[in-house]
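Architecture and fold: a report
Below, each chain spelled out in residue letters.
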Amino acid sequence: MAASRQPQVGELLAEARRAFREEFGAEPELAVSAPGRVNLIGEHTDYNQGLVLPMALELVTVLVGSPRADGLVSLLTTSEDADEPRRLQFPLPRAQRLLEPGTPRWANYVKGVIQHYPAAPLPGFSAVVVSSVPLGGGLSSSAALEVATYTFLQQLCPDSGAVAARAQVCQQAEHSFAGVPCGIMDQLIALLAQKDCALLIDCRSLETSLVPLSDPMLAVLITNSNVRHTLGSSEYPLRRRQCEEVARALGKESLREVQLEELEAGRELVSKEGFRRARHVVGEIQRTAQAAAALSRGDYRAFGRLMVESHHSLRDDYEVSCPELDQLVEAALSAPGVYGSRMTGGGFGGCTVTLLEASTASQAMQHIQAADGAKVLHL
C-alpha cells in the first residue's frame, strides 16, 4: 500500500462534531485529544521498571461530547476497525453497581477510566470518538483513548492529581478492563509529549527528561505491517510473569536492579526461556540509556546500531517479533540513508520504526513499499 496522508486534528475534530450532531442532534460542548506514540527504543522494559524513549505522533484520538443529566453514558466510535457494536449506552458506576468490562472491547478503555476516575460526582455524558491511531498497530491507540477520556472527564469534574497519578489511573484502566498488564510508558507520553522531542522515561522513579529530536536532516518512518496484535492474549502477560519470576529468583524487586553479570551468574536459578527474556530486558535498559545519550549528541549512527540490536534481541530472546516485522526491518536496513530500524510496540504484529536521513526518506519509503507492500508514515 502506498504512503497515505494522515488527517490533521482539525479534520478529525470536524468529523467528530459532524458525527455527534447526527447521533445526538446538537453541537458537542467539549472537545479533547490525545496522541498515539512510537517507542524509539526501550521495548518491554516499562513493566520491568526500566527506561523507555517514546515520542508522540501526529496520529491522535479526538473525543467530543456534552454532559447529560440522566446519569447515563452514551458512546459512539467512527472507527471501522473497532469491534461491534460501535455505539452503546450504560449507567455511571455507583457504590453498589460498578462498571465491568465486556463488549465492545473498544469501550472497555473508556469504562475503565470512568470506573477509576478519582474525582466526583461525575455527570453522565454523550461522546463521540474519532481516531487516526491504527488499532492494534503498536502505536498505543489504547492509551490515546484512555488519556483522551481522562482529559474529557476533567472538564466535567476537575481532579487534583499530578500527571503521574493521572497516568496511573489510565494504566489501571488498561490492567483491569482490557486485561493487559502494561507498564506506564504509553500513558505518560500521551500526557507529557512535546513537539520535536522524544521523552526519556524512568519507569521506576517516573522521572522524565526531554531529548531533542528537531534536526531537519533527520527523519522517522513508521511502517505498519498490517498484522494486528492483541496484547490481551496470553503471550504478553506470560512475558511479564517470566520477568517477575527471574527477578524473584535473583532476589531483586525487578529486572531494573539486575546487571548482565548478575544474570549470567544466576543462570542456573532460572529456566532457559526465563534467562533469555531477562537478557533482553537487562540489555534493553542499557541500550535505551546509551541511545538517549547518542541522540542528545547527534550520533545517529550509534543510535541506529542500538535500534538494530534491540530488534534482534526482541526477535531472538524475547520472541515477540513475527516474519512480517522482520521483513520490514530487513527492507529498511537495505535502503539508502537508513541509520537503524526495529519493531516497535508490544510485538506479534504492528509497526516498525526507522531512523534515517531526511533527504533519503522518499526513496526509502518507495524501497520498503516495493519490498513488502506495507503502509509507511513519514514523520
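Above this text you will find the structure in question.
Attention here is on the structure that accompanies the text. (Residues numbered from 1 in each chain as written. Predicted model: local features only at pLDDT ≥ 70, side-chain atom pairs only at ≥ 80, totals over all residues. Heavy atoms only, no water.)

With respect to helix H1 (residues 9–24)
Definition in use: Numbering of helices and strands runs from the N terminus, with a helix taken as a DSSP run of H or I at least four residues long and a strand as a DSSP run of E at least two residues long. Multiplying one less than the number of residues by 1.5 Å gives the expected span of a helix. Only protein chains enter the area calculation, which uses a 1.4 Å probe; residues under 20% of their type maximum are buried, those over 50% are exposed, and those in between are partly exposed. The arc in question is formed by the directions pointing from the helix axis toward the C-beta atoms. Should any heavy atoms of two residues lie within 4.5 Å, those residues are counted as being in contact.
Look at H1: 22 Å from first C-alpha to last across 16 residues, which is about the 22 Å you get at 1.5 Å a residue. Three or more residues of H1 are buried, namely Leu12, Ala16, Ala19 and Phe20. Looking straight down H1, one finds its buried side chains confined to an arc of 105°; they lie on one side. Against strand S2 (51–68), strand S3 (72–77) and strand S5 (124–131) lie the buried residues of H1. Downstream of H1 by one or two residues, Gly25 has phi in the positive range, about 75°.

Here we look at the pattern of salt bridges
Oppositely charged side chains may form a pair once their charged atoms are brought near each other. Applied cut-off: Throughout this description, the term salt bridge denotes a Lys or Arg side-chain nitrogen within 4 Å of a carboxyl oxygen of Asp or Glu.
Taken as a whole, this structure holds 22 salt bridges when the rule is applied. For Arg277, the salt bridge identified is with Glu319, shortest N-O distance 2.9 Å. In this pair, Arg277 sits in helix H8 (residues 272–296) while Glu319 sits in the loop between helix H9 (300–316) and helix H10 (323–333), placing the two residues 42 residues apart along the sequence. With its nearest N and O atoms 2.8 Å apart, the salt bridge here joins Arg279 to Asp317. Here Arg279, found in helix H8, pairs with Asp317, found in the loop between H9 and H10; they are 38 residues apart in sequence, far enough to count as distant. Each of Glu43, Glu284, Arg287 and Arg342 takes part in one network of salt bridges that share partners.

With respect to unusual backbone geometry
Across the junction of Thr103 and Pro104, the peptide omega takes the value 0°, indicating a cis bond. Along the chain, Pro104 falls in the loop between strand S4 (87–91) and helix H2 (106–116). Of note, the bond from Ala120 into Pro121 is cis; its omega dihedral lies within 30 degrees of zero at 0°. Mapped onto the elements of the fold, Pro121 is located in the loop between H2 and S5. Its identity is not glycine, yet Glu319 carries a phi of approximately 55°, on the positive side.

Some words on the pairing of S3
This is how it is decided: Here, strands pair whenever DSSP counts at least two bridges between them.
Among the 6 residues in S3, 5 count as buried, and that is most of the element. Sheet analysis places S3 next to S5, joined by 5 bridges and oriented parallel. Paired with Leu75 across the bridge in S5 is Ala127.

Overview of helix H6 (residues 235–249)
Its 15 residues place the ends of H6 21 Å apart at the C-alpha level, agreeing with the 21 Å of an ideal helix rising 1.5 Å per residue. Taken together, the buried positions of H6 are occupied by Tyr236, Pro237, Arg239, Arg240, Gln242, Cys243, Val246 and Ala247. Summarising the contacts, the buried residues of H6 are in contact with helix H4 (163–178), helix H7 (260–265) and H8. Gly251 sits one or two positions beyond H6 and adopts a positive phi of about 75°.

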